[in-house]
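# An overview of the molecular structure
So the chains spell out like this:
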Amino acid sequence: MESVFYIAGGVAIISTVLAITRLNAVHALLYLIVSLLAVAVVFYTMGAPLVAALEVIIYAGAIMVLFVFVVMMLNLGRRAVESERQLLQGKIWVGPSVLSALLIVEVVYLTARAALPGLPGSGGGVLEPKQVGLALYGPYLIGVELASMLLLGAVVGAYHLGRPKSGKAEVRYDRNSDGSRARSGGSLVRAGVGRTPDAP
Amino acid sequence: MRRNLIFILMSIEIMLNAAGVAFVAAGSRWGQPDGQIMFLFVLAMAASEVAVGLALVLRLYRHHPTLDADAISDMRG
């Protein structure tokens, strides 16, 4: 168990150093994904299986996919075809493949060891997901609510920032609305006479 | 000094992940679930931060077709 921890930690450090020294963003993302998977194995060997699963699912599965999408969206056009042809040559996959092969050997070893009835699964001191959930929805309930509000704000903000540019809609729907409001003298019935017919 | 915006966001992720590793290690040292709970909060914060940050990067890239953080230092409103 100790050696598995140290090997996974070494893989995490090596892949993180390689991730921040690459010049190409896609290469760096590959090494960063390997780094996150290695950290997940480290979490599992430290006795935190819930956090290990969440690291794989959310960090390596959701956040890194977001990064890959944005990197792929940022280089469109003819230059991107060249760079993608360069990416598919196979040479850059060797480093991440070797590191993740080490990780999968460790995962196979850990699951095989946990399936054996005689040995204790992963030593002592494993914090089960049940304990984490009880504490999360007990004393830390206000934190959960705050996190939900933060995520809602992030969703609304990301949608607002990322929508396509359309400054025209407001002008089209509310054309002359200020003028008609002034002319109607506050009458709510006649206030909307200047609106275009396709206004919602 | 590298000033690529994508690398800046990736490095923020690495630093937040390192803080999470420290939390989980401390929590498993004392056998308490509080470290893992702090990691969950860090995870939610990192997810929302990267969503807003990447949306900002896309929006900036639409105005200035560059990813250099210094090239957009002349913004005026």
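All values reported here derive from a predicted model rather than from experimental measurement. (Residues numbered from 1 in each chain as written. Chains lettered and ligands numbered in written order. Predicted model: local features only at pLDDT ≥ 70, side-chain atom pairs only at ≥ 80, totals over all residues.)

## What to know about the domain arrangement of chain A
Reports of interface size often rely on the accessible area that becomes lost once the parts have come together. Entries for chain A in the domain assignment read domain 1 (1-116) and domain 2 (128-158). Between the C-alpha centres of domain 1 of chain A and domain 2 of chain A there is a distance of 26 Å. (Domains from an automatic or database assignment.)

## What about the interface of chain A and chain B?
Taken together, the contact pairs 41 residues of chain A with 35 residues of chain B. Of all the secondary-structure elements, those providing two or more residues to the side of chain A that touches chain B are α1 (2-21), α2 (25-45), α3 (49-74), α6 (129-136) and α7 (141-162) of chain A. Among the elements that take part in the side of chain A that touches chain B, α3 of chain A stands out by supplying 13 residues, more than any other. When grouped by side-chain class, the residues that make up the side of chain A that touches chain B number 34 nonpolar, 7 polar and no charged. (Contact = placed C-beta atoms within 7 Å. Helix = DSSP H or I, 4+ residues; strand = E, 2+ residues; numbered from the N terminus. Nonpolar A, V, L, I, M, F, W, Y, C, P; charged D, E, K, R; others polar.)

## Comments concerning the packing of α1 of chain A against helix α5 (residues 94-115) of chain A
Residues and elements named next belong to chain A. Following both chains from N to C, one finds α1 and α5 inclined at 160°, their axes separated by 11 Å at the closest point. By the criterion of interaxial angle, the relationship of α1 to α5 is roughly antiparallel. Viewed along their axes, α1 and α5 form a crossing whose handedness is left-handed. When α1 is examined against α5, the residues Val-4, Ile-7, Ala-8, Val-11, Ile-14, Ser-15 and Leu-18 are found in contact with a partner set consisting of Gly-95, Leu-99, Leu-102, Leu-103, Glu-106, Tyr-109 and Leu-110. Of the residues in the contact of α1 with α5, the class split is 11 nonpolar, 2 polar and 1 charged. (Axes fitted to C-alpha atoms, helices over the stretch in contact; angles between N-to-C directions. Parallel < 35°, antiparallel > 145°, perpendicular 65-115°, else oblique. Left-handed = near helix turned anticlockwise from the far one by under 90°.)

## A closer look at the nonpolar core
Ranked by size, the top nonpolar core spans 53 residues in total, and within it Leu-32, Ala-38, Val-42 and Phe-43 of chain A carry the most contacts. Top element by residues in this core is α2 of chain A. It accounts for 17 residues. Here this core spans two domains, since at least three of its residues come from each of domain 1 (1-116) and domain 2 (128-158) of chain A. In this view, Val-42 of chain A contacts Phe-5, Ala-8, Gly-9 and Ala-12 of chain A together with Val-21 of chain B; residues no more than four positions away in its chain are not counted. (Core = buried A, V, L, I, M, F, W, Y, C linked by C-beta atoms within 7 Å. Buried ≥ 20, exposed ≤ 12 C-beta atoms within 10 Å, placed from the backbone.)

## A closer look at the environment of Ser-100 of chain A
Residue and element names in this part refer to chain A. The residue Ser-100 is located in helix α5 in this model. In sequence terms Ser-100 and Ser-3 are 97 residues apart; their C-alpha atoms lie 17 Å from each other. The contacts of Ser-100, once residues within four sequence positions are left out, are Val-34 and Leu-37.

## Observations concerning the environment of Phe-67 of chain A
You can see Phe-67 of chain A is positioned in helix α3. Look past the residues within four positions of Phe-67 of chain A in its chain and what remains in contact with it is Leu-29 of chain A together with Met-10 of chain B.

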